[in-house]
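# Understanding the architecture of this molecule
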Amino acid sequence: MVEILVCFKHVIDETELKIDRGNNKINFEGAKTKISDDDKNAIEEAIRIKEKNGGSVTALCVGSADAKKSMKEALAMGCDRGRLLVDPAFQDSDAITTASIISQAIKKKIPKFDLVITATGSTDALTGIVGPSLGESLGIPQITFASKIAVSANKVTVDRSVEEGLETVECEFPVLITVSREINQPRFPTLIQIMSAGKKELLEWNAQALEIDPLTVGKQGSKIETNALNVPKSARKRIIFEGKPEDAAKQLAEAMFKEGLVK
Amino acid sequence: MSQQQGILVYSDLPEVTLELITLGQKLRAGNLSVAVIGSGDLQDQISKLSVDGVTNIYKVSNDSLSGFIGKPMVDALEAVCSEAKPNVIIVGATRRGREIAPRLATRLKIGCITDALNLEMANGKVSAERLVWGGNALASVTSKGATVVTIPLHSNQKATGSAQPNVVEVSANLNPSKVKLLGKKERPQGQVSIKDAEIVVSAGRGFKKKEDLSLLDGLVSTLHAVMGASRPLTSDLGWVPEERQVGLSGTTVKPKLYIAVGISGQIQHLTGMRDSKVVVAINNDKNAPIFQECDYGVVGDLYAAVPTLEKALKSQLGS
Ligand SMILES: Cc1cc2nc3c(=O)[nH]c(=O)nc-3n(C[C@H](O)[C@H](O)[C@H](O)COP(=O)(O)OP(=O)(O)OC[C@H]3O[C@@H](n4cnc5c(N)ncnc54)[C@H](O)[C@@H]3O)c2cc1C
Ligand SMILES: Nc1ncnc2c1ncn2[C@@H]1O[C@H](COP(=O)(O)O)[C@@H](O)[C@H]1O
C-alpha cells in the first residue's frame, strides 16, 4: 500500500497562444487551458504505482477556480481524490512560494504519505523549481529526473538520467520524485471514467484553511517578479527558395558557396 | 541578509564551472568566488579553476560528497554561502544543478531564477530573461536581493589564464543522504562534441523513421559537420543519443553554419542555436517558424532536397 501525492499545474495551452509579430506581444485571448504536459506523466506514474502496489493517489494543484476542470481530468485518469489549493492571495506566487503553499497543505492536511511525485518542469513557467523546493520544504529526501520507478515494500528504486549517464538510486519512504516525460505514455480516460470522476472527492482549501498568512504568499510573498513578456526577436536574412525541392536545393548550395560556408 | 556581495559560481562539472566564471567576470559585481565540492584533496579541480578573475576558491571536501548526491551537495553549498555571503550564486544547469539550485534557494530563503538568459546585476537587483509558455515568449524577471541562478550549459566561453586565488577550506556539517547510489551506467562519449563543432547539421521530426537519418550521412561528411537533433529524436524516440540534442534542455551550439532539417523551429530548439553565424533550414511547411529564424531556407520535402543539396555541394567542391 503506497500513499501517493501527485502535483500538477493547470496552465494555458501554449499551442493556442497567438503571437502578434507587429508589436512583439502575445495574445492570450480565447486560449484554452490544460494540465501541464509532463504533469500527465506524473499523474500516470502515480496511478501505475497504485495499480501495482495498492494504496491511493491524491492530486494537488495550486490554481484558480478554473483549475477544477483539470482536477476532474486528473480524477478521470485514476486519481482517487483531488485537493485544489485556491485563494486570490495565492495568485502571482513565484515557484518557491508555490512550493511552500503545497508544502503547508501537505503538512497541515495530509501528513501521512509515502511518495510525492511532480514533473521536472511545467509547460508555462518551465522553472523546474517547484519539485526540488517542495522536497526541501517538506524536509524529505528527493530524486530528480526519474525515467523509471520501481516500488518494493517501503522503498523505491529509481533510474535517473544525469549528464554522464544513467544512475540507479534507492530510497526509503517518504521521498519526493520528479519524473521526466520519457517515463511513460499517459492514458486517455474512458467515457465511463470521465463520468464517474464527478463522484470522487474534490476539496478546495484556501489560505485560511491551510493557516497561511496571505502576506507570505502571492506577489508580496515572492522574491521573483515577472515583468514583461515579449516575443524573441530575430535578425536573420530569411532568403527562402521555393519551387521544386531539387531546384531550391541547388540554389541553396550556390548561396552557401557565395557565403564562403563550404570549403 | 544584508552585507551580501559578490558572486559565487558552482557546477558539478568543472568544465561548466569555467563557463560560469566567464559570465561572472562579465557581471563585474565584486569578488568572484568558486565553490569546489567533492572528496579527496580536490587539488586538480582547484588548479584547473584558478583562472583569470577568480578571487576566492571555497573548498569543501568530505567522503559523503563522492557520489554527487543532492543533499550533501546542498549542505556543502549552504556552508560555503554562509562564509562567502555572495549576492548571486550561479549554478550550471546540469541535471544536478537544476536540483540543487532550487533546494539551496529554499534553504537560504532567497529567490531562484532558472535557465537565465541575459543575466544582469544592478543596484542590488538581479534581472534576467527566461523562456516561458512552451518557449513562445521571453519573460523579464527581477529578484530583489540575493538570488540563486542557473545558466544553460555552454552558453559562455570557458575562462582561461591563471590566477592565485585564496583557497578557503570550509568545514561543513554533512549528513549522509537517505538516497543511496546503487549503480551507474556511463554514457558512451561521441568523438566530436556538437558544442565545439564548426558546422552542425541537425535532424528533426520531419524524418519519418530512424533509418532515414542515414540520408544526412553524405551531407554531414561532405561538410565535415557534426550531427545534432531536436528533442523528439533524442529523449522521446531515442533515435539519436541525448548528448546531440540542441536546445533549452540540451546543448547550446554556436557553429559558423547550422543546418536544420525537418525541424519546425520551436523556441526551445532556437534557444540552443540562436548564436549560430548562419542558419539554413529545410522544411516542407512554408509557415514553419524556423523560416523566420533562418538566413537561407528551402521550402520542400527533405527527402528530395537533402540528396540534391549534397550532390550540388559535392560537384561545386569538385569531389
Ligand atoms: C521544457 C522543454 C524543453 C525543451 N527542450 C528542447 C530542446 O532542448 N531541444 C529541442 O529541440 N526541443 C526541445 N523542446 C521541444 C520543443 O518544444 C519542440 O517540441 C521540438 O523542438 C520540436 O522538434 P521538431 O522541430 O523536430 O519537431 P516538429 O515540431 O514536429 O517539427 C517537424 C517539422 O518537420 C517538418 N517536416 C515534416 N515532414 C517533412 C519532410 N518530408 N520534409 C521537410 N520537412 C518536413 C514539419 O513541417 C515540421 O515543421 C522542449 C520542450 C519543453 C517543453
Ligand atoms: N501551481 C502548481 N500546483 C501544483 N503543482 C505544481 C504547480 N506548479 C508546479 N507544480 C509542479 O511542479 C512541477 C515543476 O513546475 P515548475 O517549477 O513550474 O517548472 C510541475 O510539473 C508540477 O508537477
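Note that the structure is a prediction, hence the values are computed from the model and not measured.

Glancing now at the overall build of chain A. Along chain A, the regular secondary structure elements total seven helices and 15 strands. For chain A, the C-alpha atoms occupy an extent of roughly 70 × 40 × 40 Å along the three principal directions. Taking as baseline every contact in chain A between residues at least 6 positions apart, the subset at least 24 positions apart corresponds to 70%. For chain A, the exposed area adds up to about 11,800 Å²; of that, 51% sits on carbon and sulfur atoms. Between the averaged position of the 36 positive side-chain charges in chain A and that of its 38 negative side-chain charges there is a distance of 3 Å.

All right, on to the sheet that holds strand β6 (residues 117-122) of chain B then. Reading across from one edge, β14(A)-β8(B)-β7(B)-β6(B) is the order of the four strands in this open sheet, with antiparallel pairing throughout. Pairing within the sheet leaves two strands with one partner each, and these edge strands are β14 (224-230) of chain A together with β6 of chain B. Along the sheet, successive strands turn relative to each other by an average axial angle of 20°, direction set aside. Relative to strand β7 (residues 125-132) of chain B, β6 of chain B is paired through four bridges, and the arrangement is antiparallel. Counted as the bridge partner of Ala122 of chain B is Lys125 of chain B from β7 of chain B.

Another point: the domain arrangement of chain B. Residues and elements named next belong to chain B. For chain B, the assigned domains are domain 1 (6-169) and domain 2 (194-317). A straight line from the C-alpha centre of domain 1 to that of domain 2 covers 32 Å. On the domain 2 side, the residues contacting the 14 residues of domain 1 number ten residues. Summed over the shared surface of domain 1 and domain 2, the result is three residue pairs in polar contact (both at pLDDT 80 or more). Taken together, the residues of the side of domain 1 that touches domain 2 break down into four nonpolar, six polar and four charged.

What follows deals with the interface of chain B and chain A. With 84 residues of chain B at the interface, the matching set in chain A holds 74 residues. A combined buried area of about 7,200 Å² lies between chain B and chain A, and 58% of that area is made up of carbon and sulfur atoms. A per-residue breakdown of the area chain B buries against chain A is headed by Arg95, Trp133 and Tyr296 of chain B, which together make up 12% of the total. The tally of links between chain B and chain A comes to eight salt bridges. Where chain B packs against chain A, one counts 36 residue pairs in polar contact (both at pLDDT 80 or more). Among the elements that make up the side of chain B that touches chain A, the one with the highest residue count is helix α4 (residues 95-108) of chain B (nine residues). Of the residues that constitute the side of chain B that touches chain A, the class distribution is 38 nonpolar, 20 polar and 26 charged. Sheet analysis places strand β15 (residues 239-241) of chain A next to strand β16 (residues 296-299) of chain B, joined by three bridges and oriented parallel.

What follows covers the site of ligand 1. All names here are of chain B. Taken together, 27 residues surround ligand 1, and among them Arg205, Ser230, Val246, Ser249 and Ser264 come closest. The contact in question runs from an oxygen atom of ligand 1 to an N or O atom on the side chain of Ser230, over 2.5 Å. Here ligand 1, which alone exposes 980 Å², has 80% of that area covered by the protein. Its residues assigned to classes, the shell around ligand 1 comprises seven nonpolar, 15 polar and five charged.

Before going further, it helps to spend a moment on the site of ligand 2. Residues and elements named next belong to chain A. In the neighbourhood of ligand 2, 18 residues make up the surrounding shell, with Phe8, Asp39, Ser122, Thr127 and Gly128 lying closest. In the environment of ligand 2, an oxygen atom lies 2.9 Å from a nitrogen or oxygen atom belonging to the backbone of Ile129. Elements that contribute at least two residues to the shell around ligand 2 include exactly β6 (55-62), α3 (95-109) and β8 (115-119). For the shell around ligand 2, the element with the most residues is β6, which contributes three residues. Class assignment of the residues belonging to the shell around ligand 2 gives a composition of ten nonpolar, six polar and two charged.

The next subject is the pattern of salt bridges. Residue and element names in this part refer to chain A. Per the counting criterion, the structure on display carries 36 salt bridges over all chains. Notably, a salt bridge pairs Asp124 with Lys9, separated by 3.1 Å at the nearest N-O pair. Within this pair, whereas Asp124 is found in the loop between β8 and α4 (130-138), its partner Lys9 is found in the loop between β1 (2-7) and β2 (10-12), the two being separated by 115 residues in sequence. With a relative accessible area of 12%, Asp124 lands in the buried category.

Scoring rules and cut-offs
- Residues numbered from 1 in each chain as written.
- Chains lettered and ligands numbered in written order.
- Predicted model: local features only at pLDDT ≥ 70, side-chain atom pairs only at ≥ 80, totals over all residues.
- Heavy atoms only, no water.
- Helix = DSSP H or I, 4+ residues; strand = E, 2+ residues; numbered from the N terminus.
- Contact = heavy atoms within 4.5 Å.
- Areas by Shrake-Rupley, 256 points an atom, 1.4 Å probe, with all protein chains shown as cover.
- Lys, Arg positive; Asp, Glu negative; His and termini not counted.
- Charge placed at Lys NZ, Arg CZ, Asp CG, Glu CD.
- Pairing = 2+ DSSP bridges.
- Axes fitted to C-alpha atoms, helices over the stretch in contact; angles between N-to-C directions.
- Domains from an automatic or database assignment.
- Polar contact = N/O pair within 3.5 Å; in protein donor to acceptor, adjacent residues only side chain to side chain.
- Nonpolar A, V, L, I, M, F, W, Y, C, P; charged D, E, K, R; others polar.
- Buried area = accessible area lost by both parts, 1.4 Å probe.
- Salt bridge = Lys/Arg side-chain N within 4 Å of Asp/Glu carboxyl O.
- Near = heavy atom within 4 Å.
- Buried < 20%, exposed > 50% of the residue type's maximum accessible area, 1.4 Å probe, protein only.

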